[in-house]
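Summary of structural features
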Amino acid sequence: SSAPGWSDPQWSNFEPPPPPNDEGWISFPGGRDGTAKLWGRVALPDASSADAAGGATPEKPPPVVVLAPGGGLSHDCGMGMAPFVEAFVTEGYAVLTFDYATFGASGNGDQPRHTVDPVQHVLDLKAAVSAVRSRSKELGVDGDRIALWGVSLSGSHVLVAASEEGGVGPPGVRAVCSLVPMLANGFSALTESIPLNPRPFSSQAKILALILKGMLLGIIGRPWYINFYGPDGSASAQQTPENNNGYASLAPPGGGEYDWRNGMTSSSLFKLFPYNPLSHVASIKVPVSLVAAGDDTICRERYARSASEQIEGSELVVIPNVGHFGIWYGEPLEQVLDIQLNFLRRNL
C-alpha cells in the first residue's frame, strides 16, 4: 500500500493469543522493561541427523542456533527463516526462533504494536539466549554451545550482542552468523540511499510530514504508522524497487496467524536513526561469519567489509551479482547455507 500513514488504536494495543502448547513453543520475559511476554519456538533434530552436529547423544545434547528475525519480520513471515531452520535441523542442530516484543506471537510490553526498536531487539535476543541456557535440560539442548544467527537488521543485532561481555557475548555463545547485515547507522542508511535511488521531493516531504504527525500523536498516546515498504514516491520508509518487491515476497498472505501488517510506528525512525552497530564490532572475540550480497543496495557490501576488517579472525564471503533479497532463493540461498553450515561445523 502507498497510503500516507494510518492509525488503528485497536491493533496498536493488540495482544496475540498464546500459541499452541504442543508445537515446541516456549515463553520468556523481554522488552526494554522486561514486561513483554516473548514467545519462541524450538525445533529439535532427529536422532539420525544429530551426529552431524558434534555427535549429540542423550548425554551430549545438540548445540543450538538462535535465529533472530530480520527487521519488521516475525514468525508470520515464515519464508524469512524457514529454509535456514530446515537446513540447521537437518544438519543436527537444535534451533530457537522467536519474535521480538510487539511482533508476531510476542506481547507488546510498554510499546505499541510493530515498534522497531534496535536496543529492545538486542535485549530480546539476549533474553532468548538466557532462556535456552536456563532451560537447556528441559529443552534437550546444549546451553553451552549456542550460535547467534541474524539477517539484515538482525544481522547487526547478533554482532552487537556478541560485542558485549568483553567481546564474547552472552554466556554460552560460541559463534555468530551475520547475513547481509545492516551495519550503517540509521541516518546514513536513509541519506545514502538518495543518490542511488533518487526520490521526488514530494515523497521525502510525505515522510517528514508523517514523522512530525507521529510525534504529535505519540504525545497523546495514539501511535501513527508508516509502511515498511511501498512503491517509489509513496510515504513508505523503504521504497526502492529491491525493497518493495523483496519485502512483499516475505510478507505472510493475509497477515498470517498473528495479523502481520505492512507498518511500523513512525516513532521507530527515532529509534533507528542513532543505532550504529558498526561502532561495536571491534571488540568481538567469538568466531564470526559474514555474508554480503554484491549488488545489495540496502545493506551495502562495504559495511560488511569494514566489519570484517575490525573483527579479528572473522570470515567474509561476498556473493556476486545478487541483491539483498536474492539470498533467499535458488543458487544464492544454497551458497549461503553451504557457507554457514561449514562455519558452524568448525566452530560450534
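Rules used in this analysis
- Residues numbered from 1 in each chain as written.
- Predicted model: local features only at pLDDT ≥ 70, side-chain atom pairs only at ≥ 80, totals over all residues.
- Heavy atoms only, no water.
- Salt bridge = Lys/Arg side-chain N within 4 Å of Asp/Glu carboxyl O.
- Helix = DSSP H or I, 4+ residues; strand = E, 2+ residues; numbered from the N terminus.
- Buried < 20%, exposed > 50% of the residue type's maximum accessible area, 1.4 Å probe, protein only.
- Contact = heavy atoms within 4.5 Å.
- Polar contact = N/O pair within 3.5 Å; in protein donor to acceptor, adjacent residues only side chain to side chain.
- Expected span 1.5 Å × (residues − 1).
- Phe/Tyr/Trp six-rings, centres within 6.5 Å; stacked < 30°, edge-to-face > 60°.

1. Some points on the pattern of salt bridges
The final tally for this structure, using the stated rule, is 10 salt bridges. One salt bridge connects Glu315 with Arg346, and the closest N-O pair in it is separated by 2.9 Å. On the criterion of sequence distance, the pair formed by Glu315 in strand β10 (residues 315-319) and Arg346 in helix α12 (residues 330-347) is long-range, its members being 31 residues apart. Overall, the relative accessible area of 30% leaves Glu315 in the partly exposed class. Among the residues examined, Arg346 registers a relative accessible area of 46% and is labelled partly exposed. A single salt-bridge network, built from bridges that share partners, covers Asp8, Asp259 and Arg261.

2. Here we look at the environment of Gly186
You can see Gly186 is positioned in helix α7 (residues 186-196). Look at Gly186 and you get buried, because its relative accessible area is 16%. For the pair formed by Gly186 and Tyr275, sequence separation is 89 residues and the distance between their alpha carbons is 5.9 Å. Non-local contacts of Gly186, meaning those with residues more than four positions away in its chain, are made with Leu272, Phe273 and Tyr275.

3. So, the side chain of Asp117
Relative to the assigned elements, Asp117 resides in the loop between β4 (94-98) and α4 (118-134). Note on Asp117: relative accessible area 0%, which makes it buried. At a separation of 2.7 Å, a polar atom in the side chain of Asp117 contacts the side chain of Arg32. Residues within four places of Asp117 in sequence aside, it is in contact with Arg32, Gln111 and Lys271.

4. A closer look at α4
Compared with an ideal rise of 1.5 Å per residue, which puts 17 residues at 24 Å, α4 spans 24 Å between its outermost C-alpha atoms and is within 8% of the ideal. All buried positions along α4 are accounted for by Pro118, Gln120, His121, Val122, Asp124, Leu125, Ala127, Ala128, Val129, Ala131 and Val132.

5. Overview of the packing of aromatic side chains
Under the defined criterion, the tally for this structure stands at 8 aromatic pairs. With a centroid separation of 5.8 Å and 15 degrees between ring planes, the pair formed by Phe228 and Tyr247 is classed as stacked. With a gap of 19 residues between them, Phe228 in the loop between β7 (225-226) and α9 (241-250) and Tyr247 in helix α9 connect regions that are remote in the sequence. Of the two residues, Phe228 and Tyr247, neither departs from the other in class, the shared state being buried. Their ring planes at 20 degrees and their centres at 6.0 Å tell us that Phe228 and Trp260 sit as a pair that is stacked. Linking Phe228 in the loop between β7 and α9 with Trp260 in the loop between α9 and β8 (264-265), this pair joins segments that are 32 residues apart in sequence.

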